[in-house]
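# A closer look at the structure
Next come the chains, spelled out residue by residue.
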Amino acid sequence: MRARFSTFLALSLLGCGAVPTSDPATPPATSSAAASPIAAALPPWTAPSTPSAPAGSPPAAVPTLPAEAHAETRPLAVDLASLPRIQGVTLSPDGQQIAYVVKETRLDAEATPSDSDTSGGWKSEAQLWVVGRAGGAPRQLTRAQKSVGNPKWLPDGRAIAFVRAEGEGRKIHVLPLDGGEAEVLDVGALEFEDYEIAPDGRSIAFTAAPPLSQAEKEAAWRSGGVIDEATRFRSSQLWVLERGGKAPRRVTPGKESVLAFRFSPDSRTFVVITSPSSDPHDASLRHSARILRAADGGTVRDLTREPRPLGNVAWSPDGRYVAVQSGKNTLSLLNALEVYEVASGRSWDVADKLDAAIGSFAWSGDSRNLTLLVAERTGTKLVRVPAAGGSATQLGRTTRLLGPLGTTDRSGRFTATISSGPTDPHAPTVVDLQTGALQVVAPQSSRIAGWTVAKTEVVKWKNADGVEIEGLLTVTPHAGAGPAPLLVAPHGGPDDVSQDGFNAFAQYMAARGYSVLRPNYRGSFGYGQAFYAANRGRLGEVELADIESGVDSLIAAGRVDPQRLYYGGWSWGGYVTAWTIGHTRRYRAAVVGAGVVDVVAQYAGSDINHGAAAQWEFRGDPWKQPEEFADSNPLRSLSKVVTPTLIAHGDEDSRVPPINGLILYRALTDIGCEVRLHRYPREPHGFQEPAHQVHLWTTWAAWYAAH
């Protein structure tokens, strides 16, 4: 069950969805220390007092759980929720300035409860900043209360476009750098998704679903709002708005949904990635690439022959080629980079000998080479390949974990992204694509002043089959000389990987007294295609074998206390947790966050975990190959669970529907196992609201502390 939240990958991964590899239930974030941390109040919990209550025993009352263990050690949950998030990092065309958005989230100490307020006293705003490529003092460009996002430089570098909410919708603003009022581009009633400025600067293209016709509105009204599942998703189309024009012009007239697009260097054509519809399953798995005329949307050339998962797409600077990420013999691992010659349609894979998980790529200024950002085990590396095919040049592992490469300057030498280290938060960073050198231009380390930052190390072990498995161990500062309590926190996906960038959740749990193991079990990215595919048809079995052997190795090394073992994960990490507690009793407590518990209910209810996704993961579907699903279903082993389990789930989760959490709650309640279910209103698969994040993290740690 795949998702697309990884801090490494440019596009989402498929399936039930990993939360970001940085923190459970929240988007990747940089950090900020709260000025005066406030411990979140916890509700009273009633539960059996032992982790192995006999089946059928009634719950016994226990006192309210403590707020946070080791409250003197930061970060606290409020610190994590207060971390500024660095977003939309982009390099100017001349390569001299970097624009980025800082999203600040603060707890208002003066706020009082209100029936109309669901924020819990939290306020957020996002503003636009710029900083020079050589570093220096960043300059704030926007200050209004309304947040901004998605900045893009105009081709002449004299202005920056960004998106801001206006009235009931959003509008594109173009702000001159030398002062003056921003130009506001009004796209009317269209609710646009993404946008791009033409290289000639004369127009802006964007995607949006066409508005409902009057007949469609009337039909919906007369039916009382009946929803037809086959047609409820409206396909996004491509539109162009001329600078100074009064109304946008629709470019694509068809039923296909436009997922991504790029202007050609001469602004006359587009390369687009489409899906047959905007149904999330189609939008995740069934992609096609073609070139269209900007004037009328007519097809110049179809690039791909059959729908398949695709990733980023980019024109070469000379306009002769288009490069498209794709996958070979995978579901969502992007291990191929196809280069298409526009004039002939001929194509070749420039990464065919790399066996790589390609996160993103960038063209050189002379169109002769491409630089690939690749996941390598727990880190990232840069690889340069000739556009015509041939031997790759290894630029080496990067000194910090890199996010997706952004647009380059005119020379094609530099690009900008975010980067982080194990003890240093995400920050805007310039990448030299020729040498692989990194320059952090707006350091964020001051954001964690006052934190006790735990060290993280790579640990390795062999599973029962003799396969080497790797993971990251964040060692609690409270361990002392003896073995420490251990929290096992498997990543989601399972198409994802735990990497050695800044991980606020691991830091939080380490500050609470737990060493944290984040294992890269078979099925993870960064270890080759065979390793990635090794859990096909063996879900649950493979993760259990790989992770438990790692726990055993840490116990044998005297690094963790076998009597103080804990488990917890989000999404597929929640699946692994539910599977594990049904197969072993050695964990004192567990947390299942947005986890898959019944794989058949997941197939039927998830927005994308059916069809081709199930064909890859289970080698079938539950109606034709029920045994494949039964063999990997945590539901079958729930009667054996004795581990006290906290369940957390968002009420609006379409990736892993809340019925999964409810099934687990009902099952453990029926057998008399200690269990608690927390439902979070309004939350999708990755939590958005700071009050919910604070409650989740605090109760997560408190659940372990109570056991």
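Preceding block: the structure.
Reading guide: rules and limits
- Residues numbered from 1 in each chain as written.
- Predicted model: local features only at pLDDT ≥ 70, side-chain atom pairs only at ≥ 80, totals over all residues.
- Heavy atoms only, no water.
- 1 Å grid on protein atoms, 1.4 Å probe; cavity = no way out; pocket = protein on both sides within 12 Å on 5 of 7 lines; lining within 4 Å.
- Points joined across faces, edges and corners; volume = space filled by probe spheres on them.
- Helix = DSSP H or I, 4+ residues; strand = E, 2+ residues; numbered from the N terminus.
- Nonpolar A, V, L, I, M, F, W, Y, C, P; charged D, E, K, R; others polar.
- Pairing = 2+ DSSP bridges.
- Axes fitted to C-alpha atoms, helices over the stretch in contact; angles between N-to-C directions.
- Core = buried A, V, L, I, M, F, W, Y, C linked by side-chain atoms within 4.5 Å.
- Buried < 20%, exposed > 50% of the residue type's maximum accessible area, 1.4 Å probe, protein only.
- Contact = heavy atoms within 4.5 Å.
- Parallel < 35°, antiparallel > 145°, perpendicular 65-115°, else oblique.
- Left-handed = near helix turned anticlockwise from the far one by under 90°.
- Polar contact = N/O pair within 3.5 Å; in protein donor to acceptor, adjacent residues only side chain to side chain.
- Phe/Tyr/Trp six-rings, centres within 6.5 Å; stacked < 30°, edge-to-face > 60°.

## Quick look at the layout of surface pockets
- There is about 630 Å³ of room inside the second largest pocket.
- Leu-212, Glu-216, Thr-231, Arg-232 and Arg-234 are, among the 25 residues lining the second largest pocket, the residues nearest its centre.
- For the lining of the second largest pocket, the element with the most residues is helix α2 (residues 214-223), which contributes five residues.
- Considering only residue class, the lining of the second largest pocket consists of nine nonpolar, seven polar and nine charged.

## Some remarks on the sheet that holds strand β30 (residues 468-474)
- If you walk across this open sheet you meet the eight strands as β29-β30-β32-β31-β33-β34-β35-β36, and the pairing is mixed. Each edge of the open sheet is held by one strand with a lone partner, namely β29 (456-462) and β36 (675-680). Going across the sheet, the axis of each strand differs from the next one's by a mean of 20 degrees, ignoring polarity.
- Sheet analysis places strand β35 (residues 645-650) next to β36, joined by six bridges and oriented parallel.

## Observations concerning the nonpolar core
- In this structure, Leu-486, Leu-517 and Tyr-575 are the most contacted members of the largest nonpolar core, which totals 57 residues.
- Ranked by residues supplied to this core, first place goes to helix α7 (residues 572-581) with six residues.
- Not counting chain neighbours up to four residues away, the residues in contact with Leu-517 comprise Val-459, Trp-461, Leu-472, Leu-473, Leu-486, Leu-487, Val-488, Ala-489, Val-551 and Leu-554.

## Some words on the packing of helix α4 (residues 504-511) against helix α12 (residues 690-705)
- One can describe the packing of α4 onto α12 by two numbers: an axis separation of 11 Å at closest approach and a directional angle of 40 degrees. It follows that α4 is oblique to α12 by the angle criterion. Helix-helix and strand crossings are classified by hand; for α4 and α12 the assignment is right-handed. In this structure, α4 uses Phe-505, Tyr-508 and Met-509 to contact α12, whose residues at the interface are Trp-697, Thr-698, Trp-700, Ala-701 and Tyr-704.
- In the contact of α4 with α12, the residues fall into seven nonpolar, one polar and no charged.

## A word on the sheet that holds strand β9 (residues 192-197)
- Within the open sheet, the four strands sit side by side as β9-β10-β11-β12. Their pairing is antiparallel. The sheet is open, and its two edges are formed by β9 and β12 (249-250), each paired on a single side.
- As paired strands, strand β11 (residues 237-242) and β12 are joined by two bridges and run antiparallel to one another. Of the residues in β12, the one forming a bridge with Val-240 is Arg-249.

## Structural notes on the environment of Trp-461
- Counting through the fold element by element, Trp-461 comes out in strand β29.
- Under the relative-accessibility criterion, Trp-461 is labelled buried at 5%.
- As a C-alpha pair, Trp-461 and Ala-578 span 117 residues in sequence and 23 Å in three-dimensional space.
- A polar side-chain atom of Trp-461 sits 3.1 Å from a polar atom in the side chain of Ser-549.

## Thoughts on the packing of aromatic side chains
- Applying the stated criterion across every chain, the model contains 22 aromatic pairs.
- Between Trp-572 and Tyr-575 the ring centres are 3.7 Å apart and the planes differ by 15 degrees, which places this aromatic pair in the stacked class. One end of the pair, Trp-572, and the other, Tyr-575, are both in helix α7, three residues apart, so they sit about a helical turn from each other.
- Ring centres 4.2 Å apart and planes at 20 degrees place the aromatic pair Phe-618 and Phe-629 in the stacked group. A residue pair is termed long-range when its members are at least 10 positions apart, and Phe-618 in helix α9 (residues 612-618) and Phe-629 in helix α10 (residues 626-631) qualify at 11 residues.

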